[in-house]
Amino acid sequence: MSVLRRAKTWEISESEDSDHDLKAKSEPRVTLSPPARKRRSKEEIEAERLKAKERKEERGRRRAARAREKEERRQEQQRRREAADTLKSLRPESCIKSLTVCIEPALLQHDGSDILLDTLAMLEWRFTLESQRLSRSITWTRELPQGEDGRVCVEEEQMVLVFTLADFVDVVISVKEMADSDGEGTGAVLSPLLECLNRNKVVTMLVTEFESARWTKESEDHFPEQMLRPKLGMKSRDVEEVLVYLQLYRNISVVFLESWQDVTDHVCAVTKALSKRPFKLLTEGSELPFCVAGSWAGGARVERDGSGLRDVWSRQVQQLNRASPAVASAVTESFPSPQLLLQAYRDLGSEAEKKGMLAGLSVKTEGKERRVGPDISARTYRCLTAENPQLVLD
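**Examining the pairing of strand β1 (residues 99-103)**
- Of all five residues making up β1, five are buried, and the element is well covered by its neighbours.
- Going residue by residue along β1, you find Leu99, Val101 and Ile103 tucked away on one face and Thr100 and Cys102 tucked away on the opposite face as well.
- Bridging between β1 and strand β3 (residues 137-146) involves five bridges; their strand directions are antiparallel. Opposite Thr100, over in β3, you have Thr141 as the bridge partner.
- Pairing geometry for β1 and strand β2 (residues 126-129), over four bridges, is parallel.

Written out as structure tokens, the structure reads:
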């Protein structure tokens, strides 16, 4: 007969439960309360308020600094953009678009004047036909920006007068009469011309249309006198005096041309020169980039006792190609003056010895030691002894 085994278990009586409940009830409950907050004094409150105010002001200053830097960058970009636009507008290819060639309608009566109009139209240059102060004249105007969107038209000082030989004969007669009367009478031809000169005009007379007597290369030097003498009954010296008077006293240049094609070439040349003038004035007014400020700007100072000559000699050596200050120092220490170096060259015999005399000099740079070398040695010899000013040292 098998024996049944019962699992071991704990049996808790009702009395034990009641005892446990009594113990739990009898034990006191502990309640954790937050620590009491320390009351701040007025000084601490005021200090905290001042710190908060300083932090707020600091944030405002940083914000204002960032806004100011942003505005400065914007203004700098705007200035660069405007400078680039200005530079672009002053370039010849852009500036020529603002020029207008003003042609007096009376010039269209001459045979061959259509060559000028056709050339200007082909080049797509602006030109107008309008009355001028002087008949048979050509002037130039330039449009300049004014304000934000406005533009103003400015008249250039250049003026070209296209005369036939008969017109120029009248000018010569008027100049001769004025010279004979000690400048009292100017004549009907010179009066408007001198009035334009008072407005700071630069006048050039182009004398053309010589179909009846074209000159050759053999007679070109004598052309004006030979053409004017039979028509005026004047001596060559008198004609030369008139030309000199117009050039020196009135600043009027006289150019003798063969045809209207030459007149057209002259007008185109003046137009191109006027288009290049603004950019040339801008570049000539700016400082040269290679003229740096510093010790090289004023050169080496030489006193009355001769101190400073070594620096001058050293800088002369540095002007040679690939001659560093260390190389110049090595040369000037061995030969303190150019005269001593020339004397050393004279003491040597062959040309090869003279060219290589400085090659073995020691050059110390940043703890390293090297030699002057044969190239700089030969270059220095050629610089000091060559008699040909056009000789290339390298």
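**Observations concerning the packing of helix α10 (residues 309-318) against helix α11 (residues 325-334)**
- With their axes 9 Å apart at the nearest point, α10 and α11 run at an angle of 130° to one another. Put simply, α10 runs oblique to α11. Crossing of α10 against α11: the hand is right-handed. The residues of α11 that touch α10, namely those facing Arg310, Trp313, Ser314, Val317 and Gln318, are Pro325, Ala328, Val331, Thr332 and Glu333.
- For the contact of α10 with α11, the residue count by class is five nonpolar, three polar and two charged.

**A few points about the packing of helix α12 (residues 338-347) against helix α14 (residues 374-385)**
- Here α12 crosses α14 at 100°, and the two axes come no closer than 11 Å. Judged by the angle between their axes, α12 and α14 are roughly perpendicular. When α12 is examined against α14, the residues Leu341, Leu342 and Tyr345 are found in contact with a partner set consisting of Ser377, Thr380, Tyr381, Leu384 and Thr385.
- Partitioning the contact of α12 with α14 into residue classes produces five nonpolar, three polar and no charged.

**Concerning the sheet that holds strand β6 (residues 252-256)**
- Strand order in this open sheet of six strands is β2-β1-β3-β4-β5-β6, and the pairing throughout is mixed. The open sheet has two free edges, formed respectively by β2 and β6, since each of these has just one partner strand. Neighbour to neighbour, the strand axes of the sheet diverge by 25° on average, direction disregarded.
- Pairing of strand β4 (residues 150-163) with strand β5 (residues 202-207) involves six bridges; the strand directions are parallel. Along β5, the bridge assignment pairs Phe163 with Val207.

**Regarding the pattern of salt bridges**
- If you walk through the whole model with that rule in mind, you get 13 salt bridges.
- The partner of Arg74 in a salt bridge is Glu71, and the shortest N-O contact between them spans 2.5 Å. Here the residue Arg74 and the residue Glu71 both occupy positions in helix α2 (residues 42-90), the gap between them amounting to three residues, near one helical turn.
- For Arg74, a relative accessible area of 47% translates into the label partly exposed.
- One salt bridge in this structure joins Lys201 and Glu155, with 2.9 Å as the shortest N-O distance. Of this pair, Lys201 sits in the loop between α6 (187-197) and β5 while Glu155 sits in strand β4, placing them 46 residues apart in sequence.
- Here Glu155 falls in the partly exposed class, since its relative accessible area comes to 36%.
- One network of salt bridges, with partners in common, ties together Arg142, Glu156, Glu157 and Arg277.

**As for the packing of aromatic side chains**
- Applying the stated criterion across every chain, the model contains three aromatic pairs.
- Between the aromatic rings of Tyr245 and Tyr249, the centroid separation amounts to 5.3 Å while the plane-to-plane angle is 25°, which identifies the pairing as stacked.
- With a relative accessible area of 63%, Tyr249 lands in the exposed category.
- A ring pair is formed by Tyr345 and Tyr381, whose centres lie 4.9 Å apart and whose planes are at 75°; its orientation type is edge-to-face. With a gap of 36 residues between them, Tyr345 in helix α12 and Tyr381 in helix α14 connect regions that are remote in the sequence. Residues Tyr345 and Tyr381 agree in their burial class; the two are buried.

Reading the values: rules and limits
- Residues numbered from 1 in each chain as written.
- Predicted model: local features only at pLDDT ≥ 70, side-chain atom pairs only at ≥ 80, totals over all residues.
- Heavy atoms only, no water.
- Buried < 20%, exposed > 50% of the residue type's maximum accessible area, 1.4 Å probe, protein only.
- Helix = DSSP H or I, 4+ residues; strand = E, 2+ residues; numbered from the N terminus.
- Pairing = 2+ DSSP bridges.
- Axes fitted to C-alpha atoms, helices over the stretch in contact; angles between N-to-C directions.
- Parallel < 35°, antiparallel > 145°, perpendicular 65-115°, else oblique.
- Left-handed = near helix turned anticlockwise from the far one by under 90°.
- Contact = heavy atoms within 4.5 Å.
- Nonpolar A, V, L, I, M, F, W, Y, C, P; charged D, E, K, R; others polar.
- Salt bridge = Lys/Arg side-chain N within 4 Å of Asp/Glu carboxyl O.
- Phe/Tyr/Trp six-rings, centres within 6.5 Å; stacked < 30°, edge-to-face > 60°.

So far we have only geometry, and geometry alone does not tell us how the molecule works.
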